[in-house]
Amino acid sequence: MSFQAPKGTFDWLPPKSEQILAVRAALAQPVRQAGYGYIETPSFEDTELFARGVGESTDIVSKEMYTFPDKAGRSLTLRPEGTASVVRAVLQHNLHTGQLPVKLWYSGSQYRYERAQRGRYRHFWQVGAEALGAEDPALDAELIVLAARGFADLGLTQVELLLNSLGDKVCRPVYRAALQDFLRGLDLDDDTRARIEINPLRVLDDNRPEVRAQLVGAPLVVDHLCAPCKAYHEEVRALLTEAGVAFTDDPRLVRGLDYYTRTTFEFVHGGLGSQSAVGGGGRYDGLSEMLGGPALPSVGWAVGVDRTFLAMEAEGLLGETTEARVQVYGVALGDDARRRMFLLVDEVRKAGISADMAFGGKGLKGAMKGAGRSGARFALILGERDLAAQAVQLKDLTTAEQTEVPLAQVVDVLKGKVQ
Ligand code: AMP
């Protein structure tokens, strides 16, 4: 019997796995450059953290969490998203009592028991950034600009930014009530009717044509924003415009998590089919209090690394990975030569040149094949006779030119050739 990765999960293998590392690094680079510090939190937390932090009424909490009791009977959950854990860590370690905003970024896998399809997995990777403890439209705009820069740095040109405001604890309840009034008058199934009472904004997210058709005249949150929320939103829009980041106002953008207030945004890509969101985020002014902390107005985003990769594929940005795996490849014949090559290859590496060698006692032909496959420009060939002469054959695999170099000088010679 052979095992398969669990449904909804997959493996990243070389050479594509090199590209996914590069995508993660590129998404993180702009926030690192803006002074965000790296945070790593556990991949499982107290179930209650997500129940309270993400919201009982969300799909994530009600249907998608990997929850299990540990051996002591505690209920733990594999993290479905990063923000609740970051806020938990900030409160636990009192980071919010120092300089504000606390700026943090993370990179890690998330777990959601979703209906698996292309672009939607049960185990996926996000890079995220959070700025906690400041209510300032420039901070919202900064985070959006930095996410957009990550996409742009990867060469993506078809990422679209959708922007909305969800109001705050003053105007959101008024809007919520108006929306509920409207929705109660529609012809909807029982599940959707139940959702009107628990989380009416989510009904706006419904993609079924028969529901969409009825939502045409639904009240929009933009028309219900209180004056401070409106001014805040206008400032975010103005800053983005000045920064040259294009956006589309999307008054129906609500997003799936309960904790958002004011600014919400999503980055979508046209080449991804139904799972079009490559990233999203917003302001979550009430989350800290929901977790038992003080008021800590905050904003953040998470970008889906796997989906960003798919977006790059859709734009033809990945190409073949022809990049050399190593620069130098050692081929040794005979036990003594092999032992010496083992040390020589390590010396080459210590000099900052990437190197590999043939393992498994292959003959010259097999070993040279390995050299070819490794992508190396140079092979170092060491036979018993070379060893006796304290020399090594340096072969340029692109020209097949071969020269003998004293063992004591080969690292310096290579340095001159590859750097
Ligand atoms: P969310 O945490 O739901 O706001 O998602 C943020 C980003 O993570 C989305 O825009 C997607 O790019 C990515 N994402 C969310 N869920 C999944 C999933 N099941 N599989 C792959 N990527 C996902």
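Residues numbered from 1 in each chain as written. Predicted model: local features only at pLDDT ≥ 70, side-chain atom pairs only at ≥ 80, totals over all residues. Heavy atoms only, no water.

### Points about the site of the ligand
In the region of the ligand, 14 residues are neighbours, and Arg112, Glu114, Tyr121, Arg255 and Ala277 sit closest. Within the side chain of arginine 112, a nitrogen or oxygen atom sits 2.8 Å from an oxygen atom of the ligand. Contact distances for the ligand include 3.4 Å between an oxygen atom and a backbone N or O atom of glycine 304. Burial of the ligand by the protein amounts to 92% of the accessible area it has alone, namely 480 Å². Of all the secondary structure elements, the ones that give two or more residues to the shell around the ligand are strand 6 (123-132), strand 10 (277-283) and strand 11 (298-304). Per-element tally for the shell around the ligand: the top contributor is strand 10, with 3 residues. Each residue belonging to the shell around the ligand can be placed in one class, and the counts come to 5 nonpolar, 4 polar and 5 charged. (Near = heavy atom within 4 Å. Polar contact = N/O pair within 3.5 Å; in protein donor to acceptor, adjacent residues only side chain to side chain. Areas by Shrake-Rupley, 256 points an atom, 1.4 Å probe, with all protein chains shown as cover. Helix = DSSP H or I, 4+ residues; strand = E, 2+ residues; numbered from the N terminus. Nonpolar A, V, L, I, M, F, W, Y, C, P; charged D, E, K, R; others polar.)

### A short note on the pairing of strand 10
Taking burial as the measure, the 7 residues of strand 10 include 6 buried ones, the bulk of the element. With 6 bridges joining them, strand 9 (residues 261-269) and strand 10 adopt antiparallel strand pairing. Bridge assignment links valine 268 to a residue of strand 10, and that residue is alanine 277. With 5 bridges joining them, strand 10 and strand 11 adopt antiparallel strand pairing. Looking across to strand 11, one finds that glycine 279 is bridged to valine 303. (Buried < 20%, exposed > 50% of the residue type's maximum accessible area, 1.4 Å probe, protein only. Pairing = 2+ DSSP bridges.)

### A word on the pattern of salt bridges
Inspection of every chain in the model, using the stated rule, returns 24 salt bridges. A salt bridge links lysine 16 to glutamate 313; the nearest nitrogen and oxygen atoms lie 3.4 Å apart. Residue lysine 16 is located in helix 1 (residues 16-33), and its partner glutamate 313 is located in helix 12 (residues 305-314); the two are separated by 297 residues in the primary sequence. Glutamate 313 sits in the partly exposed class, given a relative accessible area of 32%. The shortest N-O distance in the salt bridge between glutamate 114 and arginine 120 comes to 4.0 Å. Taken as a pair, glutamate 114 and arginine 120 share a single burial class, namely buried. What you see here is one network of salt bridges that share partners, running through Glu135, Asp168 and Arg262. (Salt bridge = Lys/Arg side-chain N within 4 Å of Asp/Glu carboxyl O.)

### Some words on unusual backbone geometry
With an omega dihedral of 5°, the bond running from proline 14 to proline 15 counts as a cis peptide bond. Following leucine 100, the chain continues into proline 101 via a peptide bond in cis, with omega recorded as 0°. In this structure, proline 101 sits in the loop between helix 4 (83-92) and strand 5 (102-111). The backbone of asparagine 94 sits at a positive phi, close to 55°, despite the residue not being glycine. For asparagine 94, the position within the fold is in the loop between helix 4 and strand 5. Residue classification places asparagine 94 among the partly exposed positions, given a relative accessible area of 44%.

### Comments concerning the nonpolar core
Counting 45 residues, the largest nonpolar core has Leu27, Tyr36, Leu161, Leu240, Phe267 and Trp301 as its most contacted members. Of all the elements, helix 5 (residues 137-153) adds the most residues to this core, at 9 residues. (Core = buried A, V, L, I, M, F, W, Y, C linked by side-chain atoms within 4.5 Å.)

### Topic: the sheet that holds strand 10
Spatially, 8 strands are ordered 1-5-6-11-10-9-7-8 in an open sheet, and the strand pairing comes out mixed. Here the strands that pair on one side only, and so sit at the sheet edges, are strand 1 (37-38) and strand 8 (248-249). Here 7 bridges tie strand 7 (residues 159-165) to strand 9, and the two strands are oriented antiparallel to one another. Of the residues in strand 9, the one forming a bridge with asparagine 164 is threonine 264. Sheet strands touched by helix 10 (residues 227-242): strand 7, strand 8, strand 9 and strand 10. Its angle to strand 7, the strand with the most contacts, is close to 160°. (Contact = heavy atoms within 4.5 Å. Axes fitted to C-alpha atoms, helices over the stretch in contact; angles between N-to-C directions.)

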